[in-house]
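Coordinate analysis (summary)
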Amino acid sequence: MSLFSVFSISGSGMIAEQQRLTAVASNLANANSMGDSTGQPYRAREVVFEPLPADSGDADGVNGIGMGGVRVAGITQSNEPGRQVYDPGSPLADDKGYVQMPNVNTTDEMVNMISAQKNYQADLEAFNVAKTLLQKTLTI
Amino acid sequence: MGALDTGLDFYSTVLDLRGVRQELLSADIANASTPGFKGVDLDFREALAASLAPGQMVSGGASAAITMLVSDEMQTPSSAGVGARPSVRRSVKYQDNPAVSLDGNTVDLNGEKLEAAQNALDYEAAVNFTTQLVSMLMTAIKGSSGTSRSG
């Protein structure tokens with residue numbers, strides 16, 4: 001019955017938005033991480049969504065739904081140039097005394113966060129509506 | 001069967017299709033941030049007409065402003081049951097939504113939520129009608145035990 005697949009569809013949406021929120025949290029937490037284990041500044045992560053293909057019985061956690069939930073296709077790292085800070089005393093400074101900072105754009109991240117929150121709410125709403133409808137159906 | 005389940009049959013189709021539409025709208029909402037995703041919707045009137053026997057459908061106003069058939073395999077409902085029926089499949093169309101974001105996504109989240117709420121209300125209405133029909137049938141079977149006919 002199609003209303004049952006709403007649960008897996010909205011559920012997949014909530015999982016995906018959660019992962020997006022995780023990326024935002026990671027970016028904000030690392031907005032000043034100048035060097036990771038390779039000595040490079042942190043680069044902003046962004047999740048990319050893709051619709052679940054039809055009949056994706058093998059997709060993680062979503063079984064046998066035809067019409068598409070959503071999943072995270074991958075996580076990309078932003079190639080935007082990071083800002084440079086003049087700090088000759090830093091051990092990470094280059095010859096001219098500049099330190100490469102992460103390319104995290106906090107404004108973008110906040111917008112991303114609100115968008116993820118709104119989409120999560122919408123998914124949850126759709127989930128609850130399907131639940132209510134099925135409960136009503138049981139009263140026939 | 002005969003007269004007993006004719007009306008129930010109609011409402012079962014209506015509930016099925018409302019469920020399919022709810023599924024499609026939920027999928028749109030879930031994919032509100034997916035790059036390149038085109039919002040879809042069920043042309044309910046057309047789907048209902050295609051699912052019913054000729055003459056069972058009451059004709060009326062024009063159907064929703066959605067025109068293009070869904071061609072993307074990823075976005076067609078192929079779930080078991082009613083979604084797999086070709087008559088329903090043919091009525092699933094791309095939304096005619098002019099607002100396209102930079103990543104090619106055409107889902108209008110507010111519009112989808114509105115449509116989903118409306119569809120849920122229609123579903124509940126169909127449930128209520130079905131309940132009434134069942135109670136009418138029960139009355140016909142049992143007789144109206146509530147009123148005193150013996151006296």
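Residues numbered from 1 in each chain as written. Chains lettered and ligands numbered in written order. Predicted model: local features only at pLDDT ≥ 70, side-chain atom pairs only at ≥ 80, totals over all residues. Heavy atoms only, no water.

**Let's talk about the overall build of chain B**
Broken down by element type, chain B carries 4 helices and 2 strands. Counting all 151 residues of chain B, 42% fall into the buried class. Across chain B, contacts joining residues at least 24 apart in sequence account for 72% of those joining residues at least 6 apart. (Helix = DSSP H or I, 4+ residues; strand = E, 2+ residues; numbered from the N terminus. Buried < 20%, exposed > 50% of the residue type's maximum accessible area, 1.4 Å probe, protein only. Contact = heavy atoms within 4.5 Å.)

**Here's the deal with the side chain of glutamate 112 of chain B**
Residue and element names in this part refer to chain B. With respect to the element layout, glutamate 112 can be found in helix 4 (residues 109-142). Here glutamate 112 sits buried without a salt bridge, and the closest side chain of opposite charge, arginine 21, lies 7.4 Å off (N-O distance). Residues contacting glutamate 112, with those up to four places away along its chain left out, are Leu25, Asp28, Ile29, Gln95 and Val107. (Lys, Arg positive; Asp, Glu negative; His and termini not counted. Salt bridge = Lys/Arg side-chain N within 4 Å of Asp/Glu carboxyl O.)

**Description of helix 2 (residues 106-138) of chain A**
Its 33 residues place the ends of helix 2 of chain A 48 Å apart at the C-alpha level, agreeing with the 48 Å of an ideal helix rising 1.5 Å per residue. Against helix 1 (2-29) of chain A together with helix 1 (6-30) and helix 4 of chain B lie the buried residues of helix 2 of chain A. If you check the start of helix 2 of chain A, you find a side-chain oxygen 3.1 Å away from the backbone N of threonine 107 of chain A, and it comes from asparagine 105 of chain A. (Expected span 1.5 Å × (residues − 1). Polar contact = N/O pair within 3.5 Å; in protein donor to acceptor, adjacent residues only side chain to side chain.)

**Things to note about the layout of surface pockets**
The space that makes up the largest pocket amounts to roughly 680 Å³. Residue lining of the largest pocket: 33 residues in total, with Arg20, Glu46 and Asn112 of chain A together with Ser33 and Asp103 of chain B positioned closest to the centre. Breaking the lining of the largest pocket down by element, the ones donating at least two residues are helix 1, strand 1 (45-51) and helix 2 of chain A. Ranked by residues supplied to the lining of the largest pocket, first place goes to helix 2 of chain A with 6 residues. Across the lining of the largest pocket, the residue classes tally to 14 nonpolar, 12 polar and 7 charged. (1 Å grid on protein atoms, 1.4 Å probe; cavity = no way out; pocket = protein on both sides within 12 Å on 5 of 7 lines; lining within 4 Å. Points joined across faces, edges and corners; volume = space filled by probe spheres on them. Nonpolar A, V, L, I, M, F, W, Y, C, P; charged D, E, K, R; others polar.)

**Side note on the packing of helix 1 of chain A against helix 2 of chain A**
Residues and elements named next belong to chain A. Where helix 1 contacts helix 2, the two axes come as close as 9 Å, and the packing angle between them is 160°. With respect to their mutual orientation, helix 1 and helix 2 come out roughly antiparallel. In this structure, helix 1 meets helix 2 at a crossing whose hand is left-handed. Grouping the constituent residues of the contact of helix 1 with helix 2 by class yields 18 nonpolar, 7 polar and 5 charged. (Axes fitted to C-alpha atoms, helices over the stretch in contact; angles between N-to-C directions. Parallel < 35°, antiparallel > 145°, perpendicular 65-115°, else oblique. Left-handed = near helix turned anticlockwise from the far one by under 90°.)

**Section: the environment of asparagine 31 of chain B**
Position of asparagine 31 of chain B relative to the elements: it lies in the loop between helix 1 and strand 1 (40-42). Relative accessible area serves as the criterion here: at 0%, asparagine 31 of chain B is assigned to the buried category. Expressed as a C-alpha distance, the spacing of asparagine 31 of chain B and alanine 117 of chain B, which sit 86 residues apart in the sequence, is 18 Å. Beyond its immediate chain neighbours, meaning those up to four positions away, asparagine 31 of chain B contacts Glu50, Pro51, Gly68, Gly69 and Val70 of chain A together with Phe37, Asn105 and Val107 of chain B.

**Considering the confidence of the model for chain A**
In regions of low pLDDT, the predicted coordinates are not meant to be interpreted in detail. Looking at chain A, the pLDDT average stands at 86 and 89% of residues meet or exceed 70. Confidence drops under pLDDT 50 across residues 56-66 of chain A; counting only partners more than four residues distant or on other chains, this segment forms 23 contacts. (pLDDT = per-residue confidence, 0-100.)

**Some details on the interface of chain B and chain A**
Each partner contributes to the interface: chain B provides 35 residues, whereas chain A provides 37 residues. Together, the buried faces of chain B and chain A total about 2800 Å²; carbon and sulfur atoms form 66% of this surface. At the surface where chain B touches chain A, the tally comes to 1 salt bridge. The partner of lysine 136 of chain A in a salt bridge is glutamate 124 of chain B, and the shortest N-O contact between them spans 3.6 Å. At the boundary of chain B with chain A, the tally comes to 6 residue pairs in polar contact (both at pLDDT 80 or more). Those elements giving two or more residues to the side of chain B that touches chain A turn out to be helix 1 and helix 4 of chain B. The leading source of residues in the side of chain B that touches chain A is helix 1 of chain B, at 11 residues. Class assignment for the residues of the side of chain B that touches chain A results in 18 nonpolar, 12 polar and 5 charged. (Buried area = accessible area lost by both parts, 1.4 Å probe.)

**Remarks on the packing of aromatic side chains**
Going through the model one piece at a time under the given rule, you end up with 5 aromatic pairs over all chains. When the ring of phenylalanine 7 of chain A is compared with that of phenylalanine 127 of chain A, the centres are 4.9 Å apart and the planes differ by 55°; the resulting orientation is tilted. Of this pair, phenylalanine 7 of chain A sits in helix 1 while phenylalanine 127 of chain A sits in helix 2, and the two are 120 residues apart along the sequence. Overall, the relative accessible area of 25% leaves phenylalanine 127 of chain A in the partly exposed class. When the ring centre of phenylalanine 44 of chain B is taken as origin, the NZ or CZ atom of arginine 18 of chain B, which lies over that ring, is 3.6 Å away. (Phe/Tyr/Trp six-rings, centres within 6.5 Å; stacked < 30°, edge-to-face > 60°. Lys NZ or Arg CZ within 6 Å of the ring centre and 35° of its normal.)

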